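# An overview of the molecular structure
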Amino acid sequence: MRGVALAELHCHVEGALPVSLARELAVREGVDISALTDGERYLWHDFPGFLAAYGRATRLLRRPEDYARLAEMHLSAIAADGAIYAELFLAPDDATRAGMSYAACLEAVAEGAERARARSGIEVRLVPHILRQNGPEAALRATRTILAHPHPLVTGIGLAGDEREHLAAEFAPAFAMAAEAGLGCTAHAGEVCGPESVAHVLDALPVTRIGHGVAAAADPALMARLADEEIVLEVCPGSNVALGLFSDRAAHPLARLIAAGVRVTLNSDDPPFFGTSLAGEYRATAAALGLDAAGLTAFTRTAIEAAFVDEATRARLISRLAPVEPAPFRA
Ligand SMILES: [Zn+2]
């Protein structure tokens, strides 16, 4: 990706746990994960297997410093590939499961992000997520926890977890509270469920972005709505193919979404679980759609335009991109 600045809006911090760090933590914890890993990725064969592998790997994160190292390693790696901006998702409910407070987990991830920024200049924001399967009451509790611990790097809130559980509208009170506090809003939808799941989120929640949203490609009217409302999709093609939503990249609807005028970005989701990387997504998309550096930079520009940052930071990030070539004059 020489010469192309990258940006990422959709990556789960625990899902970015490098295999090398997992191996080190496994030795410390006295756990054998040799059957769980191969090279730099985790092994699994179907969706339940993915969830089991995700659980086994992320349960190795027992101390705040583990989160700090994970964030620093991941962000330094994508910065070395050219990333100038990244948002990381984290979940208060996951921190609790790991036996840590949200505040301790947040401080640790922020510390790792600061270390990466000091070394590489990568700008980072953190976007805590509420988990759909835990229901609206837990969502309110998680949102109150998030708002009770404001942090300069926490600039958004999201909805993740099992998309088949609960209606988006049930989370409207939690999102209203977060939006009122000034947080940007995003929600996973249209990944494993159909276009109606995306429409439900647009109808019920104050989002400017949708995580995945690729199911919208099956509904031309919905694509037109996304384009009209300038909703940005955090598309994760490699993750979608790895989970079997599409047979391969040629069958992935990214090109159809772009053709319909939907604003899209490229993201790795849970990189070592899906064999993805941010640079890898840019490379594979360049190959699949026949894009040059300027075509790829358009994804980065969209990501920065949709980033949950203040306007001064946005302008500074945009200034680091290659200028848009003016259209040739035609008589
Ligand atoms: Zn995701």
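Structure: see above.
Report on the accompanying structure. (Residues numbered from 1 in each chain as written. Predicted model: local features only at pLDDT ≥ 70, side-chain atom pairs only at ≥ 80, totals over all residues. Heavy atoms only, no water.)

## Remarks on the overall build of the chain
When helices and strands are counted, the chain shows 15 helices and ten strands. Dimensions of the chain, computed from C-alpha atoms along their principal axes, come out at roughly 70 × 40 × 40 Å. Per-residue burial over the chain gives 55% buried out of 331 residues. Considering only contacts within the chain whose residues lie at least 6 apart along the sequence, 73% involve residues at least 24 apart. A total of about 13700 Å² of accessible surface is found on the chain, and carbon and sulfur atoms cover 55% of it. Here the chain holds 29 positive side-chain charges and 42 negative ones, and the gap between their average locations is 4 Å. (Helix = DSSP H or I, 4+ residues; strand = E, 2+ residues; numbered from the N terminus. Buried < 20%, exposed > 50% of the residue type's maximum accessible area, 1.4 Å probe, protein only. Contact = heavy atoms within 4.5 Å. Areas by Shrake-Rupley, 256 points an atom, 1.4 Å probe, with all protein chains shown as cover. Lys, Arg positive; Asp, Glu negative; His and termini not counted. Charge placed at Lys NZ, Arg CZ, Asp CG, Glu CD.)

## Brief notes about the sheet that holds strand E9 (residues 232-235)
In spatial order, the strands read E1-E4-E5-E6-E7-E8-E9-E10; together these eight strands make up an open sheet with parallel pairing. Strand pairing shows two members of the sheet lacking a second neighbour, strand E1 (6-8) and strand E10 (263-266), which therefore form its edges. Put simply, the sheet's adjacent strands are angled 25 degrees from each other on average, direction ignored. Note: strand E6 (residues 156-160) against strand E7 (residues 184-189), four bridges, orientation parallel. When the sheet's bridge partners are listed, Gly158 is paired in E7 with Thr186. Here helix H8 (residues 195-204) sits on the sheet in contact with E7 and strand E8 (209-212), set at roughly 160 degrees to E7. (Pairing = 2+ DSSP bridges. Axes fitted to C-alpha atoms, helices over the stretch in contact; angles between N-to-C directions.)

## Re helix H7 (residues 172-180)
The complete set of buried residues in H7 reads Ala174, Phe175 and Ala178. Each buried residue of H7 lies within a common arc of 95 degrees when the element is viewed along its axis, so the set occupies one face. Looking at the residues trailing H7, positive phi occurs at Gly182, about 95 degrees. (Arc of directions from axis to C-beta.)

## Some remarks on helix H5 (residues 102-120)
Taking 1.5 Å of rise per residue, 19 residues should cover 27 Å, and H5 covers 27 Å from first to last C-alpha, within 8% of that figure. Residues of H5 that are buried in the fold lie against helix H3 (64-80), strand E4 (83-90), helix H4 (92-97), strand E5 (123-131) and helix H6 (135-148). Trailing H5 by a residue or two, Gly121 shows a phi angle of about 85 degrees, which is positive. (Expected span 1.5 Å × (residues − 1).)

## Quick word on the layout of surface pockets
Each pocket or cavity is described by its volume, and for the largest pocket that value is around 760 Å³. What lines the largest pocket is a set of 30 residues, among which Phe50, Leu51, Tyr54, Gly161 and Asp162 lie closest to the centre. Within the residue set of the lining of the largest pocket, elements represented by two or more residues are helix H2 (47-58), E4, H4 and E5. Counted by class, the lining of the largest pocket contains 14 nonpolar, seven polar and nine charged residues. By volume, the second largest pocket is sized at about 310 Å³. Around the second largest pocket, the lining comprises 16 residues; the ones closest to its centre are His74, Ala77, Pro271, Thr276 and Ser277. Counting residues per element, the ones that place at least two in the lining of the second largest pocket are H3, helix H12 (271-274) and helix H13 (278-289). In terms of residue count, the dominant contributor to the lining of the second largest pocket is H3 (four residues). (1 Å grid on protein atoms, 1.4 Å probe; cavity = no way out; pocket = protein on both sides within 12 Å on 5 of 7 lines; lining within 4 Å. Points joined across faces, edges and corners; volume = space filled by probe spheres on them. Nonpolar A, V, L, I, M, F, W, Y, C, P; charged D, E, K, R; others polar.)

## Quick look at the packing of H13 against helix H14 (residues 293-306)
Across the interface, H13 lies against H14 with an axial gap of 10 Å and an inter-helix angle of 130 degrees. Relative to H14, the element H13 is oriented oblique. Note that H13 runs across H14; the crossing there is right-handed. Between H13 and H14, the residues in contact are Tyr282, Thr285 and Ala286 and Leu296, Phe299 and Thr300, respectively. (Parallel < 35°, antiparallel > 145°, perpendicular 65-115°, else oblique. Left-handed = near helix turned anticlockwise from the far one by under 90°.)

## With respect to the coordination of the zinc ion
Each protein donor to the zinc ion is listed here as His10 (NE2), His12 (NE2), His188 (NE2) and Asp269 (OD); together their distances run 2.1 to 2.5 Å. Of note is the zinc ion, whose four donor atoms meet at the metal with angles of 84 to 171 degrees in an arrangement that counts as irregular. Judged by its relative accessible area of 14%, His12 falls in the buried class. Of the residues examined, His188 reaches a relative accessible area of 9% and is grouped as buried. (Donors = N, O, S within 2.8 Å, 3.2 Å for Na, K, Ca; no water. Tetrahedral: all angles 85-135°; square planar, octahedral: opposite > 155°, others 65-115°.)

## Looking at the packing of aromatic side chains
The final tally for this structure, using the stated rule, is nine aromatic pairs. Taken together, a centroid distance of 5.3 Å and an interplanar angle of 55 degrees make the contact between Trp44 and Phe50 tilted. With respect to burial, Trp44 and Phe50 carry one shared label: buried. Through a chain of ring-to-ring contacts, the aromatic side chains of Tyr42, Trp44, Phe47, Phe50, Tyr54, Phe273 and Phe274 assemble into a single cluster. Its guanidinium or amino end placed over the ring of Phe308, Arg209 lies 3.9 Å from that ring's centre, counting from NZ or CZ. (Phe/Tyr/Trp six-rings, centres within 6.5 Å; stacked < 30°, edge-to-face > 60°. Lys NZ or Arg CZ within 6 Å of the ring centre and 35° of its normal.)

## Looking at the pattern of salt bridges
Summed over all chains, the structure comprises 20 salt bridges. With a closest N to O distance of 2.8 Å, Glu29 and Arg28 form a salt bridge. On the basis of relative accessibility, which here comes to 25%, the residue Glu29 falls in the partly exposed class. With a closest N to O distance of 2.9 Å, Asp203 and Arg225 form a salt bridge. One end of the pair, Asp203, is in helix H8; the other, Arg225, is in helix H9 (residues 220-228), with 22 residues separating them in the sequence. A single salt-bridge network, built from bridges that share partners, covers Glu65, Glu72, Glu111, Arg115 and Arg119. (Salt bridge = Lys/Arg side-chain N within 4 Å of Asp/Glu carboxyl O.)

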